[in-house]
Amino acid sequence: MLDINKIRADFPILQQNIYGKPLVYFDNAATNQKPQCVIDTLVNYYTHENSNIHRGVHYLSQKATIAFENARETVKTFINAKSSSEIIFTRGTTESINLVAQSFGKKFINQGDEVIISAMEHHSNIVPWQMICEEKGAFLKVIPFFENGELDLDAFENLISAKTRIIAITHVSNALGTINPIKEIIKKAHANNIPVLIDGAQGIAHTDVDVQELDCDFYCFSGHKIYAPMGIGILYGKEELLNQMPPYHGGGEMIKTVTFEKTTYNDLPFKFEAGTPNVGDVLGMEKALQYVKEIGLENIAKYEDNLLKYATEKLSEIEDIRFFGTAEHKSAVISFLIGNIHPFDAGTIIDHFGVAVRTGHHCAQPLMDIYKIPGTIRASFAFYNTKEEIDVLITAVKKAKQMLE
Ligand code: PLP
């Protein structure tokens, strides 16, 4: 299906040894690695094109401006937004959610109102809503999930009320791998005239995202989770909503006119892009999206699903493995514990096999509290991973079990 040797050759970081063993990188849900073409784009930008954009008449500024706005078009096409005005460049998912929570919240959330999130959210999709609720005297309502990590959709319907102002939910759980039925959730929310924000941090690199087909009101993601540099991300928002929302940050770029008496604000998307943008990383992200598109998200999803099945099967053969997140629709994330061994201890031994897994609460402390565990060991796969690498993980897990039990 995929030419894995060719793909792996695109990622220079994968070519190294750790503790004398080939690096096995299974921490893709935290951040994934960057292909050479993305690295080259950054080097080329800073070598030949670096310039501040939008306000310069000189050659370099115009060149950088055109490249930057072309990248916005590429993002628009990648998620099938209606207009490039709906694509706001941010620092990442966290900033995108904070932008909506603060700006939408300032305008539309009032005392006694309610915001619905789910119990499997990353802290980035909990804390910004808590902050605005606290400020406005509003309430956070939480959709529970079943033991297997699937959302309780009946409970969700019961939480909707005339006071619900927005629903913010993750596309894919970073801790459990659950792919949530966001289309169904959006439909139910819209039947009650409630807008929906999707935290797409874990969705964007593993499933085809079509924001018009989903009909979501906001979709947020980080570049670094889709093979692009860190420090760049996207807020997609429907134009009619973004137009009604006040600016988030003030400064250059987001204004039309400024006097000491009054400032008028710029049109979308610039109204939400105060200050000098991260041009180099925007171009890096464009290249990453083109790279992913070339391989094809459908192919990626199929390949990663194969890895998930293989790893689940192999880990299941080890006695005392407990899985967290066994939903029917899952992304390539496996969260598990080995008996009563603390995840940090196991992670340290696994690391010495050259295998990078993540251990801990994965920024989802409330979720860990529900399971009454301190955290999990999480292996998350990308399309450059292989079954042979999973075999190394299995050997490492067996060794950790043997040493720590
Ligand atoms: N939401 C989810 C589901 C995540 O997995 C993450 C990062 O792990 C975030 C939000 C936050 O992303 P970032 O730190 O790139 O802003």
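Everything discussed here concerns the structure shown above.
Residues numbered from 1 in each chain as written. Predicted model: local features only at pLDDT ≥ 70, side-chain atom pairs only at ≥ 80, totals over all residues. Heavy atoms only, no water.

**Concerning the site of the ligand**
Item 1. The environment of the ligand is formed by Thr93, Thr94, His122, Ser124, Thr170, Asn174, Asp199, Ala201, Gln202, Ser222, His224 and Lys225.
Item 2. Here a nitrogen atom of the ligand sits 2.5 Å away from a polar atom, N or O, in the side chain of aspartate 199.
Item 3. At a separation of 2.7 Å, an oxygen atom of the ligand approaches a polar side-chain atom of glutamine 202.
Item 4. Contact with the protein chains removes 85% of the 390 Å² of surface that the ligand exposes when unbound.
Item 5. Applying the majority rule of atoms within 2 Å of the grid points places the ligand in the largest pocket.
Item 6. Looking at side-chain class alone, the shell around the ligand contains 1 nonpolar, 9 polar and 2 charged residues. (Near = heavy atom within 4 Å. Polar contact = N/O pair within 3.5 Å; in protein donor to acceptor, adjacent residues only side chain to side chain. Areas by Shrake-Rupley, 256 points an atom, 1.4 Å probe, with all protein chains shown as cover. 1 Å grid on protein atoms, 1.4 Å probe; cavity = no way out; pocket = protein on both sides within 12 Å on 5 of 7 lines; lining within 4 Å. Sits in = over half its atoms within 2 Å of the grid points. Nonpolar A, V, L, I, M, F, W, Y, C, P; charged D, E, K, R; others polar.)

**Structural notes on the pairing of strand 6 (residues 139-143)**
Item 1. One ladder, built from 5 bridges, connects strand 5 (residues 114-118) with strand 6; its direction is parallel. Paired with glutamate 114 across the bridge in strand 6 is phenylalanine 139. (Pairing = 2+ DSSP bridges. Helix = DSSP H or I, 4+ residues; strand = E, 2+ residues; numbered from the N terminus.)

**What to know about the packing of helix 3 (residues 59-79) against helix 10 (residues 279-295)**
Item 1. It is at 9 Å that the axes of helix 3 and helix 10 come closest, and there the two elements cross at 40°. In terms of orientation, helix 3 and helix 10 fall into the oblique class. As helix 3 runs across helix 10, the sense of the crossing is left-handed. Only Val279, Val282, Leu283, Met285, Glu286, Leu289, Gln290, Val292 and Lys293 of helix 10 make contact with helix 3, whose side of the interface consists of Ala64, Ala67, Phe68, Asn70, Ala71, Thr74, Val75, Thr77 and Phe78.
Item 2. By residue class, the composition of the contact of helix 3 with helix 10 is 12 nonpolar, 4 polar and 2 charged. (Axes fitted to C-alpha atoms, helices over the stretch in contact; angles between N-to-C directions. Parallel < 35°, antiparallel > 145°, perpendicular 65-115°, else oblique. Left-handed = near helix turned anticlockwise from the far one by under 90°. Contact = heavy atoms within 4.5 Å.)

**Quick look at the packing of aromatic side chains**
Item 1. Under the definition given, this model contains 16 aromatic pairs.
Item 2. Their ring planes at 45° and their centres at 5.8 Å tell us that phenylalanine 145 and tyrosine 371 sit as a pair that is tilted. With a gap of 226 residues between them, phenylalanine 145 in the loop between strand 6 and helix 6 (153-159) and tyrosine 371 in helix 13 (residues 365-371) connect regions that are remote in the sequence. Here phenylalanine 145 and tyrosine 371 have matching classes, each one buried.
Item 3. Members of the aromatic cluster, each reached through a chain of ring pairs, are Phe11, Tyr227, Tyr291, Phe383 and Tyr384.
Item 4. The ring of phenylalanine 353 is capped by lysine 21, whose NZ or CZ atom sits 5.8 Å from the centre of that ring. (Phe/Tyr/Trp six-rings, centres within 6.5 Å; stacked < 30°, edge-to-face > 60°. Buried < 20%, exposed > 50% of the residue type's maximum accessible area, 1.4 Å probe, protein only. Lys NZ or Arg CZ within 6 Å of the ring centre and 35° of its normal.)

**Points about the sheet that holds strand 13 (residues 321-324)**
Item 1. An order of 13-14-17-16 is seen for the 4 strands of this open sheet, with the pairing classed as antiparallel. Two strands close off the open sheet at either side, each with one partner strand: strand 13 and strand 16 (358-360). Adjacent strand axes in the sheet meet at a mean angle of 30° when their direction is disregarded.
Item 2. Note that strand 13 and strand 14 (residues 333-338) share 4 bridges and pair antiparallel. Looking across to strand 14, one finds that isoleucine 321 is bridged to isoleucine 338.

**Re the sheet that holds strand 7 (residues 164-170)**
Item 1. Overall, mixed pairing links the 7 strands, which are arranged 4-10-9-8-7-5-6 in an open sheet. At either end of the open sheet lies a strand with only one pairing partner, and these are strand 4 (87-90) and strand 6. Strand-to-strand twist of the sheet, defined as the mean angle between neighbouring strand axes without regard to direction, takes the value 20°.
Item 2. Here 4 bridges tie strand 7 to strand 8 (residues 196-199), and the two strands are oriented parallel to one another. Of the residues in strand 8, the one forming a bridge with isoleucine 167 is valine 196.

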